[in-house]
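Geometric and topological summary
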Amino acid sequence: MTGFTLDGFDPDRFVTATLAEDLGTAGDITAAAVIPAEARFTGVMDTRDEIVVAGLGLAEAFFRALDPEARITPLVEDGAWMSAHSELMRIEGRARALLTAERSALNTIQHLSGIATLTRAYVDAIAGTGAVLLDTRKTIPGLRRLEKYATRCGGAQNHRLGLWDAAMIKDNHVAVAGGITPAVERAVAAGIDRIIVEVDRIDQIEPAIDAGATHLLLDNMPPAMLREAVARVAGRVPTEASGGVRLDTVRAIAETGVTYVSVGRLTQSAPAADIGLDFTAV
């Protein structure tokens, strides 16, 4: 159905389920009542904001699902920075089908482009510091692969995709396990290669590294404390600043020398991009 591909994500299933949710059992009663069956639609998808594009191919898939013969011309690629009022796609086909697919297509590209755009703002804010921006698992259930794709379009690097691809030992794990040392030692004994350990105090650094941590998450530390932590680690493992990072604070955090800065807001709080589909006279 679609040329959009993404590892671990089934675009055809996503498109089918999304359209089924919108159509229900009665279908698009507005289009069926108002639009003549033979009517054609010619239009342009454009952005009203400055954005980083993400999900254009998936938006196209919604139109093609209902009108396989539609003439669709994408004008940009995902990851492109577009100024306001730029055209993203031109489309021509059966009016009923294209107008039925419109909302699902726009919802998808607005959401993903909003994430990509916010991500680019954070990437630009830390440019030149040497720190790498990471996303998090703070995603909408069922949309993680898509949302993490959008952060990559914006220039971030993906952190863990799930609970399966690295151990992340946080404060609650430590409390139940009886301390950082036993928690990390058990992860090492389980044969886990990537062991990320959250620390919020300087005195937790050495026990975590000595026990076998391969990555330290420096949680909610102010910049001065981050600098001290980075100095204590001295390059033995990567360091990641995390917790409450905002666009107005991210550069000061990145300048402390941490390897990574992770930001949950990229997927948790990104506003949708203002993208529309407008009819054009032939």
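To be clear, the structure that these remarks concern was listed above.
Attention here is on the structure that accompanies the text. (Residues numbered from 1 in each chain as written. Predicted model: local features only at pLDDT ≥ 70, side-chain atom pairs only at ≥ 80, totals over all residues. Heavy atoms only, no water.)

Re the overall build of the protein
Within the protein, the secondary structure is distributed over 11 helices and 12 strands. By principal-axis analysis of the C-alpha atoms, the protein measures approximately 70 × 35 × 25 Å. Here the protein holds 282 residues, and the buried ones make up 49% of them. With the model as given, the accessible surface of the protein reaches about 13,400 Å², and the carbon-plus-sulfur share is 51%. Of the charged side chains in the protein, 27 are positive and 37 negative, and the gap between their average positions amounts to 3 Å. (Helix = DSSP H or I, 4+ residues; strand = E, 2+ residues; numbered from the N terminus. Buried < 20%, exposed > 50% of the residue type's maximum accessible area, 1.4 Å probe, protein only. Areas by Shrake-Rupley, 256 points an atom, 1.4 Å probe, with all protein chains shown as cover. Lys, Arg positive; Asp, Glu negative; His and termini not counted. Charge placed at Lys NZ, Arg CZ, Asp CG, Glu CD.)

Regarding the packing of aromatic side chains
Given two aromatic rings, their pairing is described by the distance between the two centres and the angle made by the two planes. Inspection of every chain in the model, using the stated rule, returns 5 aromatic pairs. Here Phe4 and Tyr149 contribute two aromatic rings whose centre-to-centre distance is 5.5 Å and whose plane-to-plane angle is 90°, an arrangement assigned as edge-to-face. Here Tyr149 lies in helix H5 (residues 144–154) and Phe4 lies in the segment before helix H1 (11–23), a separation of 145 residues in the sequence. (Phe/Tyr/Trp six-rings, centres within 6.5 Å; stacked < 30°, edge-to-face > 60°.)

A closer look at the pairing of strand S10 (residues 239–242)
Burial of S10 is two-sided: the residues Thr239 and Ala241 facing one way and the residues Glu240 and Ser242 facing the other way are all buried. Here strand S9 (residues 215–219) pairs with S10 via 4 bridges, running parallel. The residue of S10 that forms the bridge with Leu218 is Ala241. For the handedness criterion, the β-α-β arrangement of S9, helix H9 (residues 223–233) and S10 is classed as right-handed. Here S10 pairs with strand S11 (residues 260–262) via 2 bridges, running parallel. In the sheet register, Glu240 faces S11, and the bridge partner there is Tyr260. (Pairing = 2+ DSSP bridges. Right-handed = clockwise from strand over helix to strand, strands pointing away.)

Notes on the pattern of salt bridges
This model, assessed by the stated rule, comprises 14 salt bridges. The shortest N-O distance in the salt bridge between Arg94 and Asp67 comes to 3.7 Å. On the criterion of sequence distance, the pair formed by Arg94 in strand S5 (residues 87–94) and Asp67 in the loop between helix H3 (56–66) and strand S3 (71–74) is long-range, its members being 27 residues apart. A residue is classified by how much of its surface remains accessible, and Arg94, at 36% relative accessible area, is partly exposed. Put simply, Glu198 and Lys170 hold a salt bridge, and the shortest N to O gap is 3.7 Å. One end of the pair, Glu198, is in strand S8 (residues 195–199); the other, Lys170, is in the loop between strand S7 (167–169) and helix H6 (171–177), and 28 residues separate them in sequence. (Salt bridge = Lys/Arg side-chain N within 4 Å of Asp/Glu carboxyl O.)

Details of the pairing of S9
Of all the 5 residues making up S9, 5 are buried; the element is thus mostly covered by neighbouring parts of the structure. Of the two faces of S9, the one holding His215, Leu217 and Asp219 and the one holding Leu216 and Leu218 are both buried throughout. Across 4 bridges, the pairing between S8 and S9 is parallel. Residue pairing for S9: Val197 is matched across the bridge by Leu216. At this point the chain moves from S8, through helix H8 (residues 205–211), to the parallel S9, and the crossover so formed is right-handed.

Observations regarding unusual backbone geometry
In this structure, His85 is a non-glycine residue whose phi angle is positive, near 75°. Locating His85 in the fold gives a position in the loop between strand S4 (81–82) and S5. Accessibility expressed as a relative area gives 63% for His85, which makes it exposed.

Here's the deal with H1
The end-to-end C-alpha distance of H1, which contains 13 residues, comes to 18 Å, matching closely the 18 Å that a straight helix rising 1.5 Å per residue would cover. Looking at H1, one finds that the buried residues are Pro11, Phe14, Val15, Thr18 and Leu19. Taken down its axis, H1 places every buried residue within 120° of arc, on the same side. Of the exposed residues in H1, the ones pointing more than 90 degrees away from its buried face are Arg13 and Glu21. The secondary structure elements touched by the buried residues of H1 are H3, helix H4 (95–125) and H5. (Expected span 1.5 Å × (residues − 1). Arc of directions from axis to C-beta. Contact = heavy atoms within 4.5 Å.)

Considerations on the nonpolar core
In terms of nonpolar packing, the biggest core is built from 85 residues, with Met45, Phe63, Leu88, Val197 and Leu216 touching the most fellow members. Counting residues per element, this core draws most heavily on H4, at 12 residues. (Core = buried A, V, L, I, M, F, W, Y, C linked by side-chain atoms within 4.5 Å.)

Observations regarding the side chain of Thr18
With respect to the helices and strands, Thr18 occurs in helix H1. Setting aside chain neighbours within four positions, we find Thr18 in contact with Phe62 and Ser104.

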